[in-house]
Amino acid sequence: MAWRNDFWGGYAPSKPIEVEGGIKAKSKRGSIGDTWWSKRWVSVLESFGWSNRLDRGRRYARKGQVLDFELSTGKVEATVQGSVRKPYFVTIEIKPIAEGAWDHVIEEMSQKAIFAAKLLAGEMPDDIEDAFEAADVSLFPEKSKDIKTHCSCPDSANPCKHIAALYYILAEDFDRDPFMIFELRGRTKDDITAALRKQRTVDDESPPEPEALPAGEDAEEEEAALSMDDFWEAGESESFSVNISPPDVSAAVIKRLGTPQFWDSKENFVEKMGGYYEEISRRAIETAYGDQTGAKKRKK
Amino acid sequence: MIALHGTWKPSETIDDQGDFFIWGESSTASTIKRRGRPPKLSASKPRPHPFQVAHEDLKMVIELLEIINGNIISTKTQKDDVLLSLPTLSRSPQASPDLLRDNGNESLDKPVGLIPWKIEGLSIPPEDAISLLSSLSGAWIEHDNTVIGTDLRFWSNVSKFSLELLSKQHFVPGIVVSENGEVFPRWQYMLNDEDDRMHFSMLAKSMPPVCRAVLQNKVPNVQKAFLSDFLNSAINDCIQNWMSISEIRSKKPGISEVWLQSLTTGEPIQVHKSILKNLSKGLQSWEAPIHEIEKSGFRTSFRLEPPIEDESDFWNLRYFLQASDDPSLLVPAENVWRESKDTLHFLNRKFDHPQEKLLADLGKASRLYPQIEDSLHSPRPTAARLTTQQAYTFLKEAVPLFTESGFGVLIPPWWKKGGSDSKLGVTLNVKPKQDPKNSKGLFGFNSIIQYDWKLALGGEPVSEEEFENLVNLKEPLVRIRGEWVEVKKEDIAAAIKFFKSGKSGEMKLDEALRLSTGLGESEIGLPVGGFNASGVLSELFERLSGRTGIDELTQPGDFVGELRPYQIRGFSWLTFLRQYGLGACLADDMGLGKTIQLLALLIRDKEEGVKKPTLLICPTSVVGNWYREAEKFAPSLRVMIHHGTARVRTNKFYSEAVKFDMVISTYALAHRDEDLFKKVDWSGVVLDEAQNIKNQFTKQSQAVRKIESDYRVALTGTPVENRLSELWSIMEFLNPGYLGSAEGFRRGFALPIERYNDKDAGMKLRSIVSPFILRRLKTDPTIITDLPDKIETKVYCNLTKEQATLYKAVVKDVLMRIESSEGIERKGIVLSALTRLKQVCNHPAQFLGDSSALPGRSGKLNRIAEMMEEVIAEDDAALVFTQFSVMGNMLKTHLQHVFGQEVLFLHGGVSQKQRDQMVMRFSEKGGPRIFILSLKAGGVGLNLTRASHVFHFDRWWNPAVENQATDRAFRIGQTKNVQVHKFVCEGTLEERIDEMIEDKKALAENIIGAGEGWLTEMSTEQLKDLFALRQATVIDE
């Protein structure tokens, strides 16, 4: 396929300068984006007829050519390493949803707590697009004109591979924080949660003024100087007891936190870590109740 | 004596892990040589601690303590030294309270300040420290002249907590960055639930200041931070050692592989800087949810509420915000939705962003338990409505997930019980095999009884029909008579099988007993939830379980004296178990009269027509005491002493023994004369001071178990339920096999309870052994009213062979000289003879004045140590009076050595100031427990009411003087009963004079009021009789 891209671009094959420490797409093959909403983002872009251009950008994204990016309301700015020494500057702007429409969307979302609950838990609600439809707008851009882009590279095609790479890197970030999509459409997480809260809150006639908290309650623990009087004395510890046994749910914290973003191994993170956690738990119990005479196995 | 101390030495650089530092403080000044005069104290040039234990000695001491990893000390320790700021007296560091320094009176001084001392010791890597420290248990606190300091005990608790966190998997991988930008992987603990947080704050609060006295950079001045530092280092070191190394296979490893590998090696992560940045950012956001709860101070909580009967079929899972440090503080979701501000105030608490917090958690929780999602389709959800099946799934599957995810869960108490109360189970019904009209004496531990099983739900029996109805409901939780009960699928299958086969049969009584206390497993595959006995057995089980009291018997007619009400109860209890052939352990506090309760049992047996003798095994030191007590309270019993060189060792023993009701012998002979004992048909075997068989492997322990009899009794004054290997050994003697194998017992009960203070195991054990142990405390309100305020007993002691020889030599010499003298000279000889003989009775070393060795040479000294052990075990305090300050010193030395605790001694040479100090210290809770006073120096006006035991080690033949001494403990303000123990050497003048005083009690005041002068008026013949040694009970071992 390489020759076709070269042909399309009209340039002699040029290799991008290898980057160490760029933002690498996690996905190594196939499509980019784990969640339905990032996949939806990619498919919306593809539906604009950019598939070939996007492919090259995807390779860029995987190699880590995007050095960094910053998202602000309605806009993303990034630097991408191309084949010349100086990285290119890329911006993507998306047409904001009108304020009135936003209010309508918020109104719609406030009817079901699940919208806010899922979003705050890091998940885009399944039926989020219904809420936007009710306000006659769309969460994702509907036509290519909704997106304005710029890249400092000489490639006149749009999207160029640098812009395309950024699209993919954005997709992976949407996986982590779905609020970013809203921000691109004009409202930040704080805007939305505050607006939703306002809708949600049952107005109590006159909410009682909170009691003043005693001053210094939040103060950090004071430093305790060594006291000579009770220098050797321990506080109450007679009733101290521990329960050394396996947890009810193994590797619960790993299951709860899920796979970290940087995990790039083929192995399943949760399984791999879970194995370690169980091994450690077993060793702790062995140490606690171990045979008195048994020689200890050590790895070192 | 050595006190072991320890302190955490945090790492000073990030690539180091820190060490645990152990050092020893000796009661004698260090032998490390120093030249010249010691320089002046100064904070800038710390001097070596003068009482520190040298490395080699320290290693030896720790090796003794070590019970798990014999190789820690040899391979992993390093010589090290630290600077510790210690409270310092004018010249040297103040001794820790755990230690008794040999140079007496420094406790009078007040420390002048915290001054650094240089201390040598051993450093151990954290993982090894965890293994070593977590193996310390209460039982190790006093050990062979070594005490574990409060600081080390504290770290031992911390180590146990580390193991708890590790076993519960409450840790996460993290990273730290060094100054030069290197990134190190570090495992970190996390406080995941209520228990973790409680344990952590309890430890932080109980940390003694000495733990933070190490002078070094990076020692945080805050308990919590210091504790945290140790926990993190310990957990990191353990995990790195325990994780199998992750090999890097690929040539160009990704960040995941590099990270994993360094998590196992602890080496810095070697990747490009920007990748590192990405990694650390990634880890931070990955771990963010954990720290969120810590930061916010509250969490989301779920409460499952069962349907209200007859009103609804649905369960409610309600949503709350809960303060993480006060689980009782719950803000209902209704209130949360009402708060429009960023902060919610509730009962003086602040909750930041309460709505968003609750929503986010509901969003997360809905992934773990989908029913929550349904409730989120309303604008302001407050609860999820659940069917019974859904509620069951929640309890069964979601609860542990929720808890581990950091949510609070409040569930109905019946679910938590976990026992068979809320489950499908079986009840065991047993009945005697014989005709129930038969006398109950037919039962024993090995008797065969009949049994059958009945199905039960929540402890209530159910018929097959009822059961089918319930099963047809097809609900995992059913309400029976108002109570919710779990019906598991596999249990239903087992129950159906059970109805088909119908289980009944025969088993041994001990098996039934084990099942009734929840120790055994039923053959049905269902938990044993109930127990019913019919016929004679019902009485047995009702009483064993304590549901009904034991019939109180009347005092046997031939008992001389009057049993107190609690003694009647004890005697009745002994009789009850004895009738069923079950072993009984009477563990009353010292002085409550275990001896006479047992004598009452023997008299009753005799009255009931028992012809066979009972064998009593006791320590040599109390053989005479037993004989005398039997003579006094149970004159109808024929008692034989099998002891001493003159004992019957041939076959004649059998024909001899059966002529008696009680044969008294000793532990040593139980083994030596085992073959003689085994051939006699005993009615019972009784062990006095049964703690003597605490080690199951000793020959005497094994020997006593082999002697067969109809019943067995153990008497002990030590709190046997707290000394678990002792408990097992005694129970194995009483009711063989009842507690299972020694190893199983150790793993199932002894270790969890002794090391980790496991409450469940403790409760379970208590319920299993309680039918067989009767222990009453002096302080028990039901006992205290039965007791007189003051109980006086004579303690008869034997002479050792050495004492007897010396005694005879003195008598021979004195009698010779008396015959050839008269007047003042004769008087003088008699008085000095009295003194010399008393000295011999006290201790040969006192008589010889040669500062020779103390242990094992005096019957009195042996006995007082034995009795003191019980005093200390009872957490009591004692006064000891002696007329001789030499003896007082010897007692102090010996008792301090045996118990590793400070013993006070007030004698004529003690200044008024020191005297006041001693009295004050003795009165303090936690002060020294033993106070020796020389009778003459005691003086008047001392108030020593903390003591409830008074020992008269030797006698002042003047009741008035003795009473005055006793009254020191027995004064206004004394709320306890006082026990007075007067020591008398058997067969010696001590006993003779004691008898004379008793005989002439009425006259005593007049005759002997003036001291010992009256004795000098006796004729030579009378004196000969007075002095002569009646040799019946000399210790020959």
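Reading the values: the criteria
- Residues numbered from 1 in each chain as written.
- Chains lettered and ligands numbered in written order.
- Predicted model: local features only at pLDDT ≥ 70, side-chain atom pairs only at ≥ 80, totals over all residues.
- Helix = DSSP H or I, 4+ residues; strand = E, 2+ residues; numbered from the N terminus.
- Buried ≥ 20, exposed ≤ 12 C-beta atoms within 10 Å, placed from the backbone.
- Contact = placed C-beta atoms within 7 Å.
- Domains from an automatic or database assignment.
- Pairing = 2+ DSSP bridges.
- pLDDT = per-residue confidence, 0-100.
- Axes fitted to C-alpha atoms, helices over the stretch in contact; angles between N-to-C directions.
- Arc of directions from axis to C-beta.
- Nonpolar A, V, L, I, M, F, W, Y, C, P; charged D, E, K, R; others polar.
- Core = buried A, V, L, I, M, F, W, Y, C linked by C-beta atoms within 7 Å.
- Parallel < 35°, antiparallel > 145°, perpendicular 65-115°, else oblique.
- Left-handed = near helix turned anticlockwise from the far one by under 90°.
- Expected span 1.5 Å × (residues − 1).

## Considerations on the overall build of chain A
Then, number 1: From N to C terminus, chain A includes 11 helices and 4 strands.
Then, number 2: Counting all 300 residues of chain A, 34% fall into the buried class.
Then, number 3: A fraction of 68% describes how many contacts in chain A between residues 6 or more apart in sequence connect residues 24 or more apart.

## A few points about the overall build of chain B
Then, number 1: Broken down by element type, chain B carries 39 helices and 38 strands.
Then, number 2: Expressed as a percentage of its 1037 residues, the buried residues of chain B come to 46%.
Then, number 3: The contacts in chain B between residues at least 6 apart in sequence include a share of 72% that link residues at least 24 apart.

## Some thoughts on the domain arrangement of chain A
Interface size, as often reported, equals the accessible area lost upon joining of the parts.
Then, number 1: Looking at chain A, the domain boundaries give domain 1 (2–200) and domain 2 (252–289).
Then, number 2: The distance between the C-alpha centroids of domain 1 of chain A and domain 2 of chain A comes to 33 Å.

## Remarks on the pairing of strand E5 (residues 113–124) of chain B
All names here are of chain B.
Then, number 1: In this sheet, E5 lies alongside strand E2 (residues 19–26) in antiparallel orientation, the contact comprising 3 bridges. In the sheet register, Phe21 faces E5, and the bridge partner there is Ser123.
Then, number 2: Summarising the sheet, strand E3 (residues 47–48) and E5 pair through 2 bridges and their orientation is parallel. When the bridges of E5 are listed, Pro48 appears paired with Lys118.
Then, number 3: As judged from the 11 bridges shared by strand E4 (residues 78–88) and E5, these two strands associate in the antiparallel manner. Each residue of the ladder has a partner; that of Gln78, found in E5, is Ser123.

## Some thoughts on unusual backbone geometry
Then, number 1: The omega torsion of the bond from A:Asn158 to A:Pro159 falls at 0°, within 30 degrees of zero and hence cis.
Then, number 2: Turning to its location among the elements, A:Pro159 is positioned in the loop between strand E4 (147–151) and helix H7 (161–176).
Then, number 3: You will see that B:Gln169, though not glycine, has its phi angle at about 60°, which is positive.
Then, number 4: Mapped onto the fold, B:Gln169 is located in the loop between helix H4 (150–167) and strand E8 (171–177).
Then, number 5: Accessibility expressed as a C-beta count within 10 Å gives 25 for B:Gln169, which makes it buried.
Then, number 6: In this model, B:Glu689 sits at a positive phi of 50°, which is unusual for a non-glycine residue.
Then, number 7: By secondary structure assignment, the location of B:Glu689 is in the loop between strand E28 (682–687) and helix H24 (699–706).

## Let's talk about the confidence of the model for chain B
Residue and element names in this part refer to chain B.
Then, number 1: Overall, the prediction assigns chain B a mean pLDDT of 82, with 87% of residues at 70 or greater.
Then, number 2: The model gives residues 1002–1010 a pLDDT under 50, and that stretch makes 9 contacts with residues more than four places away or in other chains.
Then, number 3: As scored by the predictor, the complex reaches a pTM of 0.72 and an ipTM of 0.79.

## Observations concerning the sheet that holds strand E34 (residues 903–906) of chain B
Residue and element names in this part refer to chain B.
Then, number 1: Taking strand neighbours across the sheet as the criterion, the 6 strands line up as E31-E37-E36-E33-E35-E34 in an open arrangement whose pairing is parallel. Looking at strand neighbours, the two that pair on one side only are strand E31 (790–797) and E34, the edges of this open sheet. Averaged over all neighbouring strand pairs, the angle between strand axes comes to 20°, with direction disregarded.

## Focus on helix H2 (residues 36–46) of chain A
All names here are of chain A.
Then, number 1: Listed as buried for H2 are Trp37, Ser38, Trp41 and Leu45. Along the long axis of H2, the arc covered by the buried residues comes to 105°, so they all point the same way. What points out from H2, more than 90 degrees from its buried face, is the exposed set Trp36 and Ser43.
Then, number 2: On its buried face, H2 is in contact with helix H3 (51–63), H7 and helix H8 (179–184).

## A closer look at the interface of chain A and chain B
Then, number 1: Contacts between the two partners involve 75 residues from chain A, matched on the other side by 93 residues from chain B.
Then, number 2: In terms of residue count, helix H11 (residues 269–289) of chain A provides more of the side of chain A that touches chain B than any other element does, 11 residues in total.
Then, number 3: Considering only residue class, the side of chain A that touches chain B consists of 35 nonpolar, 18 polar and 22 charged.

## Let's talk about the nonpolar core
Soluble globular proteins tend to pack their nonpolar side chains together in the buried interior.
Then, number 1: By size, the foremost hydrophobic cluster in this structure holds 164 residues, and its most contacted members are A:Leu166 and B:Ile235.
Then, number 2: B:Ile235 has contacts with B:Ser162, B:Leu165, B:Leu166, B:Phe171, B:Trp187 and B:Tyr189, leaving out every residue within four places of it along the chain.
Then, number 3: One finds B:Leu457, B:Ala600, B:Cys618 and B:Phe677 within the second-largest nonpolar core, a separate group that totals 100 residues.

## What about the sheet that holds strand E1 (residues 66–72) of chain A?
Residue and element names in this part refer to chain A.
Then, number 1: Across the sheet, which stays open at both edges, the 4 strands sit in the order E1-E2-E3-E4 with antiparallel pairing between neighbours. Each edge of the open sheet is held by one strand with a lone partner, namely E1 and E4. Mean inter-strand twist for the sheet, computed between neighbouring axes without regard to direction, equals 15°.
Then, number 2: Bridge analysis of strand E3 (residues 88–94) against E4 gives 5 bridges, and the strand direction is antiparallel. Across the sheet, residue Val90 finds its bridge partner in E4, namely Cys151.

## Overview of the domain arrangement of chain B
Residue and element names in this part refer to chain B.
Then, number 1: Domain assignment breaks chain B into domain 1 (2–242), domain 2 (255–294), domain 3 (297–411), domain 4 (420–544), domain 5 (565–784) and domain 6 (791–1035).
Then, number 2: Take the side of domain 5 that touches domain 6: its biggest share by element is 4 residues, from helix H20 (residues 623–633).
Then, number 3: Class assignment for the residues of the side of domain 5 that touches domain 6 results in 5 nonpolar, 9 polar and 4 charged.

## Topic: the environment of B:Ala634
Residue and element names in this part refer to chain B.
Then, number 1: Tracing the backbone shows Ala634 in the loop between H20 and strand E26 (639–641).
Then, number 2: Each C-alpha atom of the pair Ala634 and Phe559 lies 5.4 Å from the other, and the pair is 75 residues apart in sequence.
Then, number 3: Once you skip the residues sitting within four places of it in the chain, Ala634 turns out to touch Asp558, Phe559, Leu599, Leu602 and Ile603.

## Examining the packing of H2(A) against H7(A)
Residues and elements named next belong to chain A.
Then, number 1: Contact geometry for H2 and H7: axes closest at 8 Å, N-to-C directions at 155°. With respect to H7, the axis of H2 lies roughly antiparallel. Crossing of H2 against H7: the hand is right-handed. Contacts between H2 and H7 involve Trp37, Ser38, Trp41, Val42 and Leu45 from the former and Tyr167, Ala171, Glu172, Phe174 and Asp175 from the latter.
Then, number 2: Of the residues contributing to the contact of H2 with H7, the split by class is 7 nonpolar, 1 polar and 2 charged.

## Comments concerning the pairing of strand E25 (residues 614–618) of chain B
Residue and element names in this part refer to chain B.
Then, number 1: Most of E25 sits inside the fold, with 5 of its 5 residues counted as buried.
Then, number 2: Residues Thr614, Leu616 and Cys618 point to one face of E25 and Leu615 and Ile617 to the other, with burial holding for every one of them.
Then, number 3: The sheet contact formed by E25 and E28 spans 4 bridges and is parallel. In the sheet register, Leu615 faces E28, and the bridge partner there is Val685.

## What about the confidence of the model for chain A?
Residues and elements named next belong to chain A.
Then, number 1: Across chain A, pLDDT averages 80, with 84% of residues at or above 70.
Then, number 2: By mean pLDDT, helix H1 (residues 2–9) is the weakest element of chain A at 43, and E3 is the strongest at 93.
Then, number 3: Across residues 205–221, confidence stays below pLDDT 50; counting only partners more than four residues off in sequence or on other chains, it has 7 contacts.
Then, number 4: Confidence over residues 292–300 falls short of pLDDT 50; this stretch has 7 contacts with residues more than four positions distant or in other chains.

## Some points on helix H15 (residues 489–501) of chain B
Then, number 1: Given a rise of 1.5 Å per residue, 13 residues ought to cover 18 Å, and the 19 Å separating the end C-alpha atoms of H15(B) matches this to within 8%.
Then, number 2: For H15(B), the secondary structure elements touched by its buried residues are strand E17 (424–432), strand E18 (448–457) and helix H14 (464–472) of chain B.

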